[in-house]
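Topology and contacts: notes
Below are the chains, spelled out letter by letter.
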Amino acid sequence: MTSAEVRQSFLDFFAAREHRVVPSAPLMPDSPNLLFTNAGMNQFVPYFLGERQPRDRRAADTQKCIRAGGKHNDLEDVGFDSYHHTFFEMLGNWSFGDYFKEEAIAWAWELLTEVWKFPKERLYATVYHPDDGDPAEFDAEAHACWKAIFEKAGLDPAVHIVNGNRKDNFWMMGDTGPCGPCSEVHIDLTEKGDSGGALVNKDSPHCIEIWNLVFIQFNAGADGSFLPLAAKHVDTGMGFERVAGIVATTRNFTDFSRPPSNYNSDLFSPFFSHLEKLSGKRHTGTLPASREKLSDQEWIDCAFRVLADHARTLTCAIADGILPGNEGRNYVLRRILRRAVLFGRRLELEPGFFESLVGPVVETLGPVFPEILEQEEVVRRVIRSEEETFGRTLDRGMQLFEKMAEESGGSISGKDAFTLYDTFGFPPDLTQLLAREKGLTVDEAGFETEMEAQRERARAARKSSVISVREGGDDLEASQFTGYEINAGETDAELVDLISEAGESWLVFDRTPFYAEMGGQIGDRGTVEIDGREWRIVNTVKDRNDRHLHKLDGNAGDLRTGSRARLRLDRPFRLRVQRHHTATHLLHHALREVLGNHVRQAGSLVTDDRLRFDFSHFEGISESDLERIEEWVNARILENAGVRWYETEFDKKPDTCLAFFGEKYGSVVRVVDIGGYSVELCGGTHASATGEIGLVKIVHESAIAAGTRRIEAVAGEAAVGLVNEQFSRLRTLTHKLSCQPAELEQRMETLLEQKAELEKTLRQLRQKESGNVADDLAKNAVSHGNLRLAAAVVEVENPQAL
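These numbers were taken from a predicted model, which means no experiment stands behind them.

1. Things to note about the overall build of the protein chain
Regarding its fold elements, the protein chain presents 20 helices and 28 strands. Counting only C-alpha atoms, the protein chain reaches 110 × 95 × 50 Å along its principal axes. Counting over 802 residues, the protein chain shows a buried share of 49%. Restricting to contacts in the protein chain with at least 6 residues of sequence separation, those with at least 24 account for 69%. Between the centroid of the 94 positive side chains of the protein chain and the centroid of its 128 negative side chains there is a distance of 3 Å.

Right, dumping it as structure tokens:
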């Protein structure tokens, strides 16, 4: 079987068993605490937590995963063995409160042995058997299922079922929450296949776990309890590269003489063929016995594996909108690319080689993940730019490393390693790699001390004044927000809480038309009337209980809870804010139209007089592209398309709807649809039609971090004010220069030419004058021994004249 046949047969198998085949989630995870999507279950977490109801009770997929950085970090092992990857696919089938252990185990056995023809006698199953202090009980149900299967196959269950404790066979999402026992399938890849289960869970490369069946049936409480869940789920994961590698290595289970390797499959052969042509060297598949001393061929084979793996990771991540940068997941990508470039140097590859490896990724993965095909050109441009940037610092960094090595005395200091990292972009593992070649060590503890000092400096630079307000307990009711429609800007309400802190007063009402600052949109302003007295509200924020806190301009005095109030929005202010918010959505869509779908929102600010939009992009935007973006936005404004918003279940939102990383979405979400083309999840307030925006003008575009750009713009009255201001300046200039606006550019060029000619003439005159001064100095020189001395005070306009 080819790798493509393995993948497709898996999906077809479960589709025939009423599983909906779902697309892979992006590598950018929904969960803010993850660097990358790193497991098939990530996109289904809300179902396990009961936050959302699944669209279907059965699903199957192949999920793109990256494990590099954070808790799951395989980066430093890639290349040195035959099975680690930073990027891999995880095949999985899922049951959300539908079938359970019996079906999951039976189907796993059927697919492996009947469809893929895995040798039954080489397969082993692990079952949860707790040690003292481990949660839950022995998984007798799973054991019974496997016992029946092995007996039917004529195999001894006592040999082919291996018990595992909490470490090996109990899965937990976290310290608390959904969890349960798991049952793994392992294959014996020894040449004779007669290990009798002795190598299971022993980290042997000759006995490999190929499938993990997780049975989510408990909820772990903070008190250490494990209570049964009302709905039980199945969550399975199979490493696709691992299975494809086994099939390829054993030549469809006919030859077990070769050492197992994931890199033997046709997923990687196009990379190796390409690299052999580029380098003139051959990949032979050798593995180093030790990382301390590698032969020339072992280094070559290691580099081939690194480059193939890293090209897959970079291409897939960039296609999903994650760009190399200086922080977090973006820095992880930059580190991976630089690691690849340095390994490429070992193969003596020409600068710029890494971009060419995008081709084999598109060839092998493009038919499965269409976003790779769609974003190929963007991926190439990003990698080309990153490779060029790193190339400019690599040579200088290597020269410095050589000097450090000479003066090291056997160890590269932590300070020197940090300099290589901070100034030249050398990730610490690369410095360790280079040092190891020279028989040197690196002071890792010293490096971490320097890193922590840098983090502390960054934290100190970010310190700001934070307003602390009382948030109350979890029993406090959220405020009812009534202000999405501007006509609801005047509302009767009851004062339910009054908070005074640091000389400031905040009022909480049971209902309010005031939007609380969130998602980049600033809070509303207005007035509140209570007992015939009126106060100005200057800001509105939320607490963790979703209560709206209205900040007063002044002291609340003797106000009491339970009082009736009349809340009135500052309507002109709200309308200006709404225009800028709707303009932000149009701008986001225009950026994706002009620059590409890799553009992702990275932050925003919406006020009444400006908007700021941060987004992922790898290079500055040209003037022509900025003009195209602005023209697109204003064309949509002239169309006066309707803006509508509605609530729907998260899983029923339109396929074209954009959701944003870091936002936590519940089972019901709010969709903002502008003209059918811009569709986003958004909780903010908006204009009712694009024509209300009036006009949008882009004021500035800049970089705020590597891989992140910022556009600042104005809309509505602010845009009209800017245009009027610029026209006023234009009129003033044309008046002073006595020309028409259309003639202004030519008049300026003429004046600049005249200025240049006059300056040239003036320089010549001053040079002549300077010559006369020099002659006078020479004439007035006096003798002093063997020297002639001239002294004078000379006044000139600039050093060049002197």
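2. Some details on the environment of L373
Summarising the element assignment, L373 is placed in helix α12 (residues 370–374). Here L373 falls in the partly exposed class, since its relative accessible area comes to 47%. For L373 and A319, which are 54 residues apart along the polypeptide, the C-alpha to C-alpha distance reads 8.6 Å. What L373 contacts, discounting residues up to four positions off in sequence, is V362 and G366.

3. Thoughts on the pairing of strand β3 (residues 87–96)
Successive residues of a regular strand alternate their side chains across the two faces of the sheet. Of all 10 residues making up β3, 10 are buried, and the element is well covered by its neighbours. Here β3 shows no split at all, with F87, E89, L91, N93 and S95 on one side and F88, M90, G92, W94 and F96 on the other all buried. As defined by bridge partners, strand β2 (residues 58–66) adjoins β3 across 9 bridges and the pair is classed as antiparallel. Along β3, the bridge assignment pairs C65 with F88. Pairing of β3 with strand β9 (residues 226–239), which is carried by 5 bridges, proceeds in the antiparallel orientation. Residue pairing across strands places L91 opposite M238, the latter belonging to β9.

4. Observations concerning helix α9 (residues 296–319)
With 24 residues, α9 extends 34 Å between its outermost C-alpha atoms, agreeing within 8% with the 34 Å of an ideal straight helix rising 1.5 Å per residue. Of all 24 residues that make up α9, 22 are buried, and the element is covered over most of its length. One or two steps after α9, the chain reaches G321, where phi turns positive at roughly 90°.

5. Section: the packing of aromatic side chains
By the definition in use, this model includes 29 aromatic pairs. Measuring from centroid to centroid gives 6.0 Å for F48 and F96, while their planes differ by 45°, and the two rings are tilted. Pair noted here: F48 is in helix α2 (residues 45–48) and F96 is in strand β3, with a separation of 48 residues, a long-range link. Using a relative accessible area of 5% as the deciding quantity, one classes F96 as buried. Ring centres 6.3 Å apart and planes at 80° place the aromatic pair W109 and W146 in the edge-to-face group. One end of the pair, W109, is in helix α3 (residues 101–115); the other, W146, is in helix α4 (residues 140–152), with 37 residues separating them in the sequence.

What counts, and at which threshold
Residues numbered from 1 in each chain as written. Predicted model: local features only at pLDDT ≥ 70, side-chain atom pairs only at ≥ 80, totals over all residues. Heavy atoms only, no water. Helix = DSSP H or I, 4+ residues; strand = E, 2+ residues; numbered from the N terminus. Buried < 20%, exposed > 50% of the residue type's maximum accessible area, 1.4 Å probe, protein only. Contact = heavy atoms within 4.5 Å. Lys, Arg positive; Asp, Glu negative; His and termini not counted. Charge placed at Lys NZ, Arg CZ, Asp CG, Glu CD. Pairing = 2+ DSSP bridges. Expected span 1.5 Å × (residues − 1). Phe/Tyr/Trp six-rings, centres within 6.5 Å; stacked < 30°, edge-to-face > 60°.

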